[in-house]
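# Observations on the model geometry
Now for the letters of each chain:
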Amino acid sequence: MSAQSNRQILLVETPKGKLGPEHFCMAESEAPRPGDGEVLLRTRYISLDAANRAWMQGATYRAAVEAGTVMAGGALGEVVQSNAPGLAKGDLVFADTGWQDFAVVKGKHATKLPKLEPLTHLLSVYGVAGLTAYFGLLRVGKPKAGETVVVSAAAGSVGSIVGQIAKIKGCTVVGIAGGAAKCDWLTRELGFDAAVDYKAAPVFKALKTAAPKGIDVYFDNVGGDIFEACLFQMNLHGRIACCGAVSQYDGAPSPHGPRGVPGLFVVKRLTVQGFIVMDYDAEREAALADLQSWVKSGQLKVQEDANTPAALIGLLAGENRGKRMVRVD
Ligand SMILES: NC(=O)c1ccc[n+]([C@@H]2O[C@H](COP(=O)([O-])OP(=O)(O)OC[C@H]3O[C@@H](n4cnc5c(N)ncnc54)[C@H](OP(=O)(O)O)[C@@H]3O)[C@@H](O)[C@H]2O)c1
């Protein structure tokens, strides 16, 4: 096949403070050719995630994104050419393609996906966001019916699903999010019992009112001051699922850490566990079956918006509700 043009978005320099449009530029090159065991993918939808910003700060569970390289990111891709067993032209996969029209990846690093409608659900509720919410809450948080679950970045792609799964499991659910509109959406549309607007008032006091019996499970997406406010209200034998720390990704790190660490872990006999969604790959199919049945029954609502890559900057500032992605035309 003749080489096609490949639009790419590069990270120009590693941001020291807040991420801005000046940190990216567009380049064009020829689409790459797959070698043995590799596939050529055409990118259909790129996932925009808070973690994209964390990858610019250094190595995490993946290598850092270096200045001058294609911006990294997971995407829904269609196989254009395959030299890999088990993958054929036309298959849909999830892979780290980066922000570009075409990418070559090793077949073993591409997860084959079912063809279902809407396709975008493969990046949201049936993708990393849905699976992270599912495993983080159910395997790490281990909520029991009647317990109080609190989730931060609650109107985001992971948090909005965490809260709804906790409701399905019979828990009292409190979301922490920025702004009255998001809080209203959580309680009116998604069925959360209460929501705390961390931008309107100090979280600790508002949380005392919203969760009067204390917190049994805290699903932490943000770290920092909100982590501290929740830590002090944890019940005996509570569980904290450490999913991410979005309050620390964009800009200089906070000069002081949360107070109460590790003393309150001891006194309250807390289980505090970090996790990465891939830890639970072996249980993926069972999780997807549950998520699909909840979406079908209407118990789990999915919020998505297809946007431009620049929308990563707005996501870090809290513009998004639910899952944000880029449609590649
Ligand atoms: N462990 C894993 O395997 C795994 C997998 C996927 C994602 N994650 C992590 O899960 C977390 C949520 O990811 P997501 O994709 O669902 O992100 P997201 O909610 O779509 O976007 C981030 C949200 O975080 C909130 N936020 C930003 N700065 C904040 C701050 N300083 N304090 C409090 N909230 C802030 C904003 O909402 P507000 O308007 O409410 O501020 C924003 O909408 C991230 O930490 C991410 O890294 C972990």
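Please refer to the structure placed before this passage.
The structure reproduced in this document is the subject of the present report. Quantities reported herein were computed from a predicted structural model and do not represent experimental measurements.

Now for the side chain of serine 47. Among the structural elements, serine 47 can be located in strand S3 (residues 38–48). Given a relative accessible area of 4%, serine 47 falls into the buried group. Separated by 2.7 Å, the side chains of serine 47 and aspartate 49 make a polar contact. A distance of 2.7 Å separates a polar atom in the side chain of serine 47 from a polar atom in the side chain of lysine 323. The residues contacting serine 47, other than those within four sequence positions of it, are Asn52, Gly74, Ala75, Leu123, Lys323, Arg324 and Met325.

Glancing now at the site of the ligand. Surrounding the ligand, one finds 28 residues, the nearest of these being Lys182, Tyr198, Tyr249, Val277 and Asn320. Within the backbone of valine 158, one N or O atom sits 2.8 Å away from an oxygen atom of the ligand. For the ligand, an oxygen atom lies 2.8 Å from a polar atom in the backbone of glycine 178. Look at the ligand: alone it shows 910 Å² of surface, and the protein chains cover 91% of it. At the level of secondary structure, the elements contributing two or more residues to the shell around the ligand comprise helix H1 (50–55), helix H2 (128–141), helix H3 (157–168) and helix H9 (311–316). Considered class by class, the residues forming the shell around the ligand number 18 nonpolar, 9 polar and 1 charged.

This next bit is on the pairing of strand S5 (residues 92–96). As paired strands, strand S4 (residues 74–82) and S5 are joined by 5 bridges and run antiparallel to one another. Across the sheet, leucine 76 pairs through a bridge with phenylalanine 94, a residue of S5. In this sheet, strand S7 (residues 111–113) lies alongside S5 in antiparallel orientation, the contact comprising 3 bridges. Pairing of leucine 92 across the sheet is with leucine 113, part of S7.

For the rest of this paragraph, the subject is the packing of aromatic side chains. Applying the stated criterion across every chain yields a total of 6 aromatic pairs. Here tyrosine 134 and phenylalanine 135 contribute two aromatic rings whose centre-to-centre distance is 5.4 Å and whose plane-to-plane angle is 85 degrees, an arrangement assigned as edge-to-face. Here the two residues tyrosine 134 and phenylalanine 135 agree in accessibility, since each one is buried. Their ring planes at 35 degrees and their centres at 6.0 Å tell us that tyrosine 134 and tryptophan 294 sit as a pair that is tilted.

So, how was this worked out
For every chain, the first residue of the written sequence is number 1, and numbering continues from 1 onward in sequence order. Local features in a predicted model are, by the rule used here, given only for residues with pLDDT of at least 70; side-chain atom pairs are given and counted only at 80 or more, and totals for whole chains, interfaces and linings are based on all residues. Remark: hydrogens and water are excluded; side-chain values derive from all non-hydrogen atoms of the structure. Helix and strand definitions follow DSSP, with helices as H or I runs of at least four residues and strands as E runs of at least two, each counted in order from the N terminus. Think of it in three bands: with a 1.4 Å probe and only protein chains considered, a residue is buried below 20% of the maximum accessible area for its type, exposed above 50%, and partly exposed in between. For this analysis, a polar contact is any N or O atom pair within 3.5 Å, provided that within protein one partner can donate a hydrogen and the other can accept it, and provided that sequence-adjacent residues contribute only side-chain to side-chain pairs. In this analysis, two residues are considered to be in contact whenever any of their non-hydrogen atoms come within 4.5 Å of each other. The nearness test applies per residue and asks whether one of its heavy atoms lies within 4 Å of the molecule or strand. Here, Shrake-Rupley sampling with a 1.4 Å probe gives the accessible areas, and only protein chains in the shown set may cover a residue. As a working rule, the residues Ala, Val, Leu, Ile, Met, Phe, Trp, Tyr, Cys and Pro are called nonpolar, Asp, Glu, Lys and Arg charged, and the rest polar, with Gly in that last group. A strand pair is defined by DSSP finding two or more bridges across the two strands. Stacked, edge-to-face and tilted labels apply to pairs of Phe, Tyr and Trp rings (six-membered ring for Trp) whose centres lie within 6.5 Å, assigned for plane angles under 30 degrees, over 60, and everything in between, in that order.

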